[in-house]
Amino acid sequence: MRPILSKVIYKMQKNLVIVESPAKAKTIEKFLGKDYKVMSSYGHIRDLKEKEFSIQIEKNYTPQYVIPPGKAKIVAALKSAVEDTGRVLLASDEDREGEAIAWHLSEALKLNPATTQRIVFHEITKNAILHALENPRGINIDLVNAQQARRVLDRIVGFQISPILWRKVKPALSAGRVQSVAVRLIVEREREILHFVSEASFRVIATFILSDGKTPLKAELNKRLKDIAEVDAFLKSCVNETFTIDDVTTKPVRKSPAPPFTTSTLQQEAARKLGFSVAQTMMVAQRLYESGHITYMRTDSFNLSDLALGASKEAILAAYGEKYYHFRKYHTKSKGAQEAHEAIRPTYMNKLEISGTAQEKKLYELIYKRTIACQMADAELEKTTITIAGGKVKEKFVATGEVITFDGFLHVYMESQDDDGEKEQENGLLPHVVLGEKPGMRQMVATERFTQRPLRYTEASLVRKLEELGIGRPSTYAPTIQTIQNREYVVRGDKPGEERKYRVVTLSDGQIASTEKKEVVGIDRNKLIPTDTGMVVNDFLMEYFPDIFDYHFTANVEKDFDAIAEGQLVWTKALDTFYQFFHPMVIATSAVKTERKVGERQVGTDPASGEPVFVKIGRYGPIAQIGESHNNDKNTPKPRFASLLKSQSIETITLEEVLKLFDLPRLIGEFEGNEMTAGLGRFGPYIRHNSVFISIPKTLNPLSITPQEAIQLIEEKRQKESQRKIKTFDAEPGLEILNGRYGAYIAFNGTNYRIPKNRVAADLSLDDCRKIIESAPAKK
């Protein structure tokens, strides 16, 4: 009996460490001995019910948590492991969400506080894990309550406003406290662009030739000219003008590196340098963290640990020498910094590269270079400004150049900038000039330029704006941006540019010549664009709930969460204050009766029938309508409907454009004795020919597509279909061998079967196919 007893005692002494992800568990397990067992909860194990309100308002806002059906087996396995252990260590992430996961584990598993401890770390390294084990603590209920407050408040807003949207706009819509504010930013920017009126002016650049007769010097006039008359007068005054080098100034300039990455700056820089979406950046960063390569990736702190600072110094001295090193200590300035306690950095500064996917390697390199650069010396530059004056002309020409005299941190890393429209590049090295020198003027060019419209948001610039306003926190930026796209309030897409004419006036050899040129402006790639649904929902929320979706109000709610996390505010009291302010608005809005649907706009009258023409949001998106709906009058003609094209908006579409939509479906012509018609369906524009539907690409319009273009699309589809079919059998019409995305396969009566790798698809007989089907494993 003695060996069995000792085995039981040993089993009970074992420590159970619970983390939220299997990848994290695998990495931690490497650092712990046989006395530790590491298990994963696979994220949250309790949450509010998915389709029920689950908040007991009358019982002091008590949330009703449940274990989702998919988590029942995980919870059972964890409970079993808890029974066989002496001590439980909850090691979920160190932010509010991680603290809430630890608390939910403690509650769901009914853990004994005497044998349960909380450990936290912001990097998965052996030293960090061992240090955490030496310094365990209890669950911080203030952090838990801050997370509960966010979850409950967001549930209240979503569940009480969304049903109103279903009735007033269309079914299946939703509103969210932060997501709706993000949509508001994008909608307001779109309207700024729609109402923007560009103003023209002329930029004048002169090319001078220095005294040696061959060295050119380009300089720009120090003011913009208003119109063509002013340009003409100025250029005439410069004919036979004598110019002089009026001033030369040279001064040193220093550039300092950007601080190490926080969540938002990593998302912005990964978008600019690597083309990553915000969600993609967080997914890759999570993998790097869980593999032990970087510190925790949800943080708004610029702080670096003394260990990281020392390791950075060693790496810089070894690679570049003492001249390139400069110690810096950064301090966090963001509103309500509350997540992790250190910036995002590599866990080992001597590790220049890692093994992993291409995306992981690129993001790691970005984080490594940014961290190293922030501890490097300033870049030193020399800025030279040359001023050229005329004898009779009051305005002066200015040439500016910058030369790097010491690259410093630029040797490793340079922060990218968002494209802020038209930027004029400075010259590099300027030629040597002498004060009083009289250069000759070779040519003067006045080019018409226009004020730039506001830029649409990218995912990264939206994150920056949300952070500036104090809306959301590192853990919420990516989910917010993903949600507004999933709900189809916003799309990430492209906008074609518009052709614009501009004038160029040139003075050369005493002669003034004017030409007109064309350029394409306003091209947008991967920008956030509001949909019609997003704009209508935003307008409705701003009309009836303006205070709830106010930028400052939303930021103040975040401050309340911060106060709860710091133990300065009772979470249920904060919820009650919000609810007493918010709920009366819900009741008042629900009682409002409107004659027309929200967002409906009358664009005019149909000249053929005299009926009014409307555009509005329909069940499947924006639609046009001719005629009124008279539910009780059977003698009145029913209204007619047509879908809008994806390039059209209910906000800007004209009556003429709407009426053209009712020409669809339209006859294009005949092909092989059958009619070709163009139409617009739920999934976009199409051609119908011989009962076959062919999608019309974005480059063509169903209202103007020609017979030749339609025939080409039909033939292209046929060619693709013929390439898709490898083999058919007359004896078994329902059986085909087809080409698929992942290779050849057999299709039979609606079921697909894999072809073994050692068989050639084209050589298979009907009997071969039948044998493959018979030997295929049964579908689960």
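Described below are features of the structure shown in this document. (Residues numbered from 1 in each chain as written. Predicted model: local features only at pLDDT ≥ 70, side-chain atom pairs only at ≥ 80, totals over all residues. Heavy atoms only, no water.)

Regarding the environment of N752
The topology assignment puts N752 in strand β30 (residues 751-754). Considering only alpha carbons, one finds N752 and I372, 380 residues apart in sequence, at a separation of 53 Å. (Helix = DSSP H or I, 4+ residues; strand = E, 2+ residues; numbered from the N terminus.)

What about unusual backbone geometry?
Cis geometry marks the peptide bond from L664 to P665; its omega dihedral reads -5°. With respect to the helices and strands, the residue P665 is situated in the loop between α18 (655-661) and β23 (666-671). Even without being a glycine, A172 presents a positive backbone phi close to 70°. Mapped onto the secondary structure, A172 falls in the loop between α6 (141-168) and α7 (179-194). With a relative accessible area of 71%, A172 lands in the exposed category. (Buried < 20%, exposed > 50% of the residue type's maximum accessible area, 1.4 Å probe, protein only.)

What about the sheet that holds strand β29 (residues 743-748)?
Spatial strand order, β27-β28-β29-β30: 4 strands in an open sheet with antiparallel pairing. Every interior strand has two partners, whereas the edge strands, β27 (725-728) and β30, have only one. Sheet twist, expressed as the mean angle between neighbouring strand axes with direction ignored, is 25°. Lying on the sheet, helix α19 (residues 707-724) is in contact with β27, β28 (735-740) and β29; it crosses β27 at an angle near 60°. (Pairing = 2+ DSSP bridges. Axes fitted to C-alpha atoms, helices over the stretch in contact; angles between N-to-C directions. Contact = heavy atoms within 4.5 Å.)

Quick look at the environment of V658
Positionally, V658 belongs in helix α18. Considering only alpha carbons, one finds V658 and Y579, 79 residues apart in sequence, at a separation of 44 Å.

Structural notes on the layout of surface pockets
Considered as a void within the structure, the second largest pocket measures approximately 1,600 Å³ in volume. Looking at the second largest pocket, it is lined by 49 residues, and the ones nearest its centre are D47, R151, D154, P479 and T483. For the lining of the second largest pocket, the secondary structure elements donating two or more residues are α4 (96-108), α6, α10 (278-290) and α14 (477-486). No other element matches the 11 residues that α6 contributes to the lining of the second largest pocket. Taken together, the residues of the lining of the second largest pocket break down into 15 nonpolar, 18 polar and 16 charged. (1 Å grid on protein atoms, 1.4 Å probe; cavity = no way out; pocket = protein on both sides within 12 Å on 5 of 7 lines; lining within 4 Å. Points joined across faces, edges and corners; volume = space filled by probe spheres on them. Nonpolar A, V, L, I, M, F, W, Y, C, P; charged D, E, K, R; others polar.)

A short note on the pattern of salt bridges
Using the criterion set out here, one finds 47 salt bridges in the structure. Taken together, the salt bridges that share partners define one network made up of E190, R453, R456, D524 and K527. (Salt bridge = Lys/Arg side-chain N within 4 Å of Asp/Glu carboxyl O.)

Here's the deal with the sheet that holds strand β26 (residues 692-695)
Reading across the sheet, the 4 strands line up as β23-β24-β25-β26 and stay open at both edges, with antiparallel pairing between neighbours. Of all the strands in the sheet, the pair left with one neighbour each is β23 and β26. The mean inter-strand angle of the sheet, taken between neighbouring strand axes irrespective of direction, is 30°. Strand direction decides the pairing type here: strand β24 (residues 674-681) and strand β25 (residues 684-689), joined by 6 bridges, are antiparallel. Across the sheet, the residue bridging to G681 is G684, located in β25.

Section: the side chain of K71
Turning to its location among the elements, K71 is positioned in the loop between β6 (65-66) and α3 (72-83). It turns out K71 is buried and unbridged, and the closest side chain with the opposite charge, D47, is 9.0 Å from it. Those residues in contact with K71, other than ones at most four positions away along the chain, are S41, Y42, G43, H44 and I45. (Lys, Arg positive; Asp, Glu negative; His and termini not counted.)

Some words on helix α17 (residues 571-591)
Along its 21 residues, α17 runs 30 Å from first to last C-alpha, staying within 8% of the 30 Å computed at 1.5 Å per residue. Bending of α17 peaks at approximately 30° at the position of Y579. Of all the positions in α17, only W571, T572, A574, L575, F578, Y579, F582, M585, V586 and T589 are classed as buried. Against the buried residues of α17 lie β5 (62-63), α6, α15 (532-544) and α16 (551-565). (Expected span 1.5 Å × (residues − 1). Bend = angle between axes of the 7 residues up to and from the residue.)

Some points on the pairing of strand β19 (residues 601-605)
Sheet topology places β19 next to strand β20 (residues 612-618); 4 bridges connect them, and they run antiparallel. Bridged to Q602 within β20 is F614. The loop that links β19 with its antiparallel partner β20 comprises 6 residues; one of these, G610, has a positive phi angle of about 75°.

Points about the packing of α7 against α15
Interhelical geometry of α7 versus α15 gives an angle of 110° and a closest axis separation of 9 Å. Overall, the two elements α7 and α15 adopt an arrangement that is roughly perpendicular. Together, S180, V183, R184, V187, E190 and R191 of α7 and G534, M535, N538, D539, L541 and M542 of α15 make up the contact between the two elements. Counted by class, the contact of α7 with α15 contains 5 nonpolar, 3 polar and 4 charged residues. (Parallel < 35°, antiparallel > 145°, perpendicular 65-115°, else oblique.)

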